[in-house]
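Residue-level structural notes
The chain contents come next:
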Amino acid sequence: MYGFRRRFGIGIAAVAALVLAQAVITAGPAMAAETAAPRTFDAEPLGQPPAGATVQGSVAVVTKLGGTGRAVQLTDNSASLQTKAYFPAPAVNSRHYEFDLAVTAWQTASVFAIRGSGDNAGLGVFRFMITANDTSTVLSVYDGTAWRTLATEPIGMRNTYRRISVDATADHAAVSLNGNRHSTTVKASAGSPITGIEFVSAGTAPTGSAAQLDNLIMYSTVVALDPTGTQIRFPDVTKLQNGTLAVVYDSGAAHTNANEDIKFVTSSDGGVNWSTPRVIEDGMFGTQHYDARDPKISRLSDGTLLVSFFVTEWLAGGASKQHGTHVIRSADSGATWSEPAEVDSAMDPDVSGGWNASHGAAVQLPNGDVLIPLYGKVPGDATSRATVVRSTDGGRTFNRANEVTVGSGGDVNYQEPNLSVLPDGSLACLIRMASSSGAGIPARLSRSSNGGQTWSAPAVTDINASSHHQLVTSTGAILLTWGAITPSTRPTYGQLITNPAGSWDGIGEIRLYDTTRGDQANPSSVEVSPGRFLTLGYDVSRRTLTAVFSTVADYS
């Protein structure tokens, strides 16, 4: 088997020069450091407004409810003037907020707003209202003219602190309260990028309401921001042996008919701060610049990183030619990368009618073998099939002699298979499906109990998933995230499958991310700490890769 670069005339010396050149690439200066440490008010003077906040009305640091520590209290003393405390933050395209909130006097509701550049200062971008009694709390969202009920939670907030978290962009916000995640694209006003958070009283009769705030967290969730003229797509994430998060993504001018590079970025603090992105694969084959797209990253048991991607040559008039799936590897946590090695497949792009691509990361089996999932066509196929190709040398080579078909035929297209090694050593492969005309249809699930040597007939599920990702969690569950088939805007959904050895039907869905503009999804997730997850989403128009945080409770 000859690598694609070899067939384009790059010799050993050139490869050595390439690897050496990659070895000296270093990350540029990092952005200003973010922090996930909660802001307490214990050291701030009683009776004074919180430092750095812009306030209106009665806002002061007080003894915290319960008598231990201090908090910020907003008291509503006016029937015509709202009490406000605005905590500013630098403008970014996405941000995470957390805070403890307690209603200590309850004549009227309490409000908090996510602010943004250019928004209506009296409303914010997203405006939420908390209406609490002894046993329940209503969460509402303002649409610019009227309040809409978003959720009712069976918990009280009167004289009781409740933890609230918000993940927000200029288009979508998700509020987690009582372990439930409530998503909305309903906005009070337009504003972008996102800035700080504002806490507000009703400012109407009857007066006397009050709320306390403590343990405020605000940090950017921007993983990467690409330069003007480029767009971000197709991210994937894994965790290194030392806990560092490693992300790869496509960077190019357009979804198709553009030559994309693969970039690499890391975080050593659980996704709060990220390194400057750098190119690890530029798609140069000989003198030709092709499209290296859809990178997927995995870590082997010895720490080796594998990044797979497929190569497209865009031809005149919008046509294209596929040049197969390739793998690069790093033995030093991503500091240097090898020459791409082509995955040898019976879906051979060098034979008329044959092609292959990938959209799932390689997985390592308990015996050390590595499987990579592919999809494409063997010459003569009417529709695409899904296969796995085995490597017995740690992902250095993949040979068609070790290729097994997972699903094919039936006048449907098998696309974008993803693999998971379950706790009992069996394999689960969820496959994106399309009709013969290309329309999305529910995904199918196949299993293997013998290390991928044979597979069950793919069974139709009720999951309307495309471009999905499967994360095996620390408890053995699977966090499944996917792009929706409908609506056409393709928001990202997720759900925790607590028994992945059983049925995957009826799992429901939680909306995690939504730009509202269609060219999105292709999510990927990692478990940052036990029961806490980071899922990647991207915004093409804002050139932004975003981290969305969730917990096990969000999927209950």
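Because the structure is predicted, anything quoted here is derived from the model rather than measured. (Residues numbered from 1 in each chain as written. Predicted model: local features only at pLDDT ≥ 70, side-chain atom pairs only at ≥ 80, totals over all residues. Heavy atoms only, no water.)

1. What about the overall build of the protein?
- For the protein, the helix and strand inventory stands at two helices and 41 strands.
- For the protein, the C-alpha radius of gyration of 25 Å lies close to 24 Å, the compact-globule estimate for 556 residues.
- In the protein, which comprises 556 residues, the share counted as buried stands at 58%.
- Considering only residue pairs separated by 6 or more positions, the protein has 58% of its internal contacts joining residues 24 or more positions apart.
- For the protein, the exposed area adds up to about 20200 Å²; of that, 52% sits on carbon and sulfur atoms.
- The centroid of the 39 positive side-chain charges in the protein is displaced by 2 Å from the centroid of its 47 negative side-chain charges. (Helix = DSSP H or I, 4+ residues; strand = E, 2+ residues; numbered from the N terminus. Rg over C-alpha atoms; globule rule 2.2 N^0.38 Å. Buried < 20%, exposed > 50% of the residue type's maximum accessible area, 1.4 Å probe, protein only. Contact = heavy atoms within 4.5 Å. Areas by Shrake-Rupley, 256 points an atom, 1.4 Å probe, with all protein chains shown as cover. Lys, Arg positive; Asp, Glu negative; His and termini not counted. Charge placed at Lys NZ, Arg CZ, Asp CG, Glu CD.)

2. Considerations on the packing of aromatic side chains
- A complete count under the given rule lists 14 aromatic pairs for this structure.
- An angle of 35° between the planes, with centres 6.4 Å apart, marks the rings of Trp482 and Tyr493 as tilted. With Trp482 in strand E36 (residues 478–484) and Tyr493 in strand E37 (residues 492–497), this residue pair connects regions lying eleven residues apart in the sequence.
- Residue classification places Trp482 among the buried positions, given a relative accessible area of 2%.
- Owing to a relative accessible area of 12%, Tyr493 belongs among the buried residues under this scheme.
- What links up through ring pairs into an aromatic cluster is the set Phe41, Phe87, Phe99, Phe112, Phe126, Phe128 and Phe199.
- One Lys or Arg, Lys64, reaches over the ring of Tyr161 and ends 4.9 Å from the middle of that ring.
- Arg115 extends its terminal NZ or CZ atom over the ring of Tyr86, reaching a point 5.2 Å from the ring centre. (Phe/Tyr/Trp six-rings, centres within 6.5 Å; stacked < 30°, edge-to-face > 60°. Lys NZ or Arg CZ within 6 Å of the ring centre and 35° of its normal.)

3. Considering the nonpolar core
- Grouped together as the largest cluster of nonpolar side chains are 38 residues, with contacts concentrated most on Phe87, Phe99, Phe112, Ile164, Ile197 and Phe199.
- Residues in contact with Phe199, not counting those within four places in the same chain, are Leu74, Thr83, Lys84, Ala85, Phe87, Phe99, Val111, Phe112, Leu213 and Leu216.
- Core analysis: the second largest hydrophobic core is formed by 22 residues, Ile232, Val237, Val272 and Leu534 among them. (Core = buried A, V, L, I, M, F, W, Y, C linked by side-chain atoms within 4.5 Å.)

4. Examining the sheet that holds strand E10 (residues 162–169)
- What the seven strands build is an open sheet, ordered E2-E3-E14-E5-E10-E11-E12; its pairing is antiparallel. Both edges of this open sheet fall to strand E2 (58–63) and strand E12 (180–184), since each of them pairs with a single strand only. The sheet shows a mean angle of 30° between the axes of neighbouring strands, taken without regard to direction.
- With four bridges joining them, strand E3 (residues 70–75) and strand E14 (residues 210–220) adopt antiparallel strand pairing. In the strand pairing of E14, Thr75 is matched with Ala210. (Pairing = 2+ DSSP bridges. Axes fitted to C-alpha atoms, helices over the stretch in contact; angles between N-to-C directions.)

5. Considerations on the sheet that holds strand E6 (residues 110–116)
- The strand order across the open sheet built from seven strands is E1-E4-E13-E6-E7-E8-E9, with neighbouring strands paired in antiparallel fashion. If you trace the sheet from one side to the other, it starts and ends with strand E1 (54–56) and strand E9 (147–153), each paired once. Adjacent strand axes in the sheet meet at a mean angle of 20°, parallel and antiparallel pairs treated alike.

6. Side note on the pattern of salt bridges
- Applying the stated criterion to the full structure yields 26 salt bridges.
- With a shortest N-O distance of 3.3 Å, Arg293 and Glu260 are connected by a salt bridge. With Arg293 in strand E22 (residues 291–299) and Glu260 in the loop between strand E17 (245–252) and strand E18 (261–267), this pair connects stretches of sequence that are 33 residues apart.
- Among the salt bridges present, the one from Arg390 reaches Asp369, with a minimum N-O distance of 3.2 Å. (Salt bridge = Lys/Arg side-chain N within 4 Å of Asp/Glu carboxyl O.)

7. Let's talk about unusual backbone geometry
- That bond from Ser192 to Pro193 is cis: its omega, 0°, falls within 30 degrees of zero.
- Considering the arrangement of structural elements, one finds Pro193 in the loop between E12 and strand E13 (194–201).
- A cis amide bond links Thr486 to the next residue, Pro487, at an omega of 0°.
- Here Pro487 shows up in the loop between E36 and E37.

8. A word on the environment of Thr169
- One can find Thr169 in strand E10.
- Residue classification places Thr169 among the buried positions, given a relative accessible area of 8%.
- The sequence separation of Thr169 and Pro379 amounts to 210 residues, and the corresponding C-alpha distance is 45 Å.
- With residues up to four places along the chain from it excluded, the contact list for Thr169 reads Asn93, Ser94, Phe126, Ile194 and Tyr513.
- Side-chain polar atoms of Thr169 contact the backbone nitrogen of Asp171, separated by 3.0 Å. (Polar contact = N/O pair within 3.5 Å; in protein donor to acceptor, adjacent residues only side chain to side chain.)

9. Some words on the confidence of the model for the protein
- Per-residue confidence for the protein gives a mean pLDDT of 92; residues scoring 70 or more make up 94%.
- This model gives residues 5–30 a pLDDT under 50, and the stretch forms 37 contacts once residues within four places in sequence are excluded. (pLDDT = per-residue confidence, 0-100.)

10. A short note on the side chain of Ser345
- Considering the arrangement of structural elements, one finds Ser345 in the loop between strand E25 (341–342) and strand E26 (355–357).
- Ser345 gets classed as buried once you look at its relative accessible area, which sits at 2%.

11. Points about the environment of Tyr97
- As for its placement among the helices and strands, Tyr97 is situated in strand E5 (residues 94–105).
- Judged by its relative accessible area of 0%, Tyr97 falls in the buried class.
- Sequence spacing of Tyr97 and Gly196 is 99 residues, and the spatial spacing of their C-alpha atoms is 8.9 Å.

12. Regarding the pairing of strand E11 (residues 173–177)
- Counting buried positions over the five residues of E11 gives five, a clear majority of the element.
- Because side chains alternate across E11, one face comprises the buried residues Ala173, Val175 and Leu177, and the other comprises Ala174 and Ser176, equally buried.
- Across five bridges, E10 lies against E11 in antiparallel orientation. Bridge pairing links Val166 to Val175 in E11.
- Counted along the chain from E10 to the antiparallel partner E11, the turn is three residues long.
- Strand direction decides the pairing type here: E11 and E12, joined by five bridges, are antiparallel. When the bridges of E12 are listed, Ser176 appears paired with Arg181.
- Counting the residues that bridge the hairpin from E11 to E12 gives two residues, and of these Asn178 lies at a positive phi of roughly 60°.

13. Notes on the environment of Glu403
- Residue placement: Glu403 occurs in strand E30 (residues 403–407).
- You can call Glu403 buried: its relative accessible area is 16%.
- Linking Glu403 and Arg390, residues 13 residues apart in sequence, is a C-alpha distance of 6.3 Å.
- In this structure, Glu403 is in contact with Ser345, Ala346, Met347, Leu374, Thr387, Val388 and Val389, ignoring residues within four places of it in sequence.

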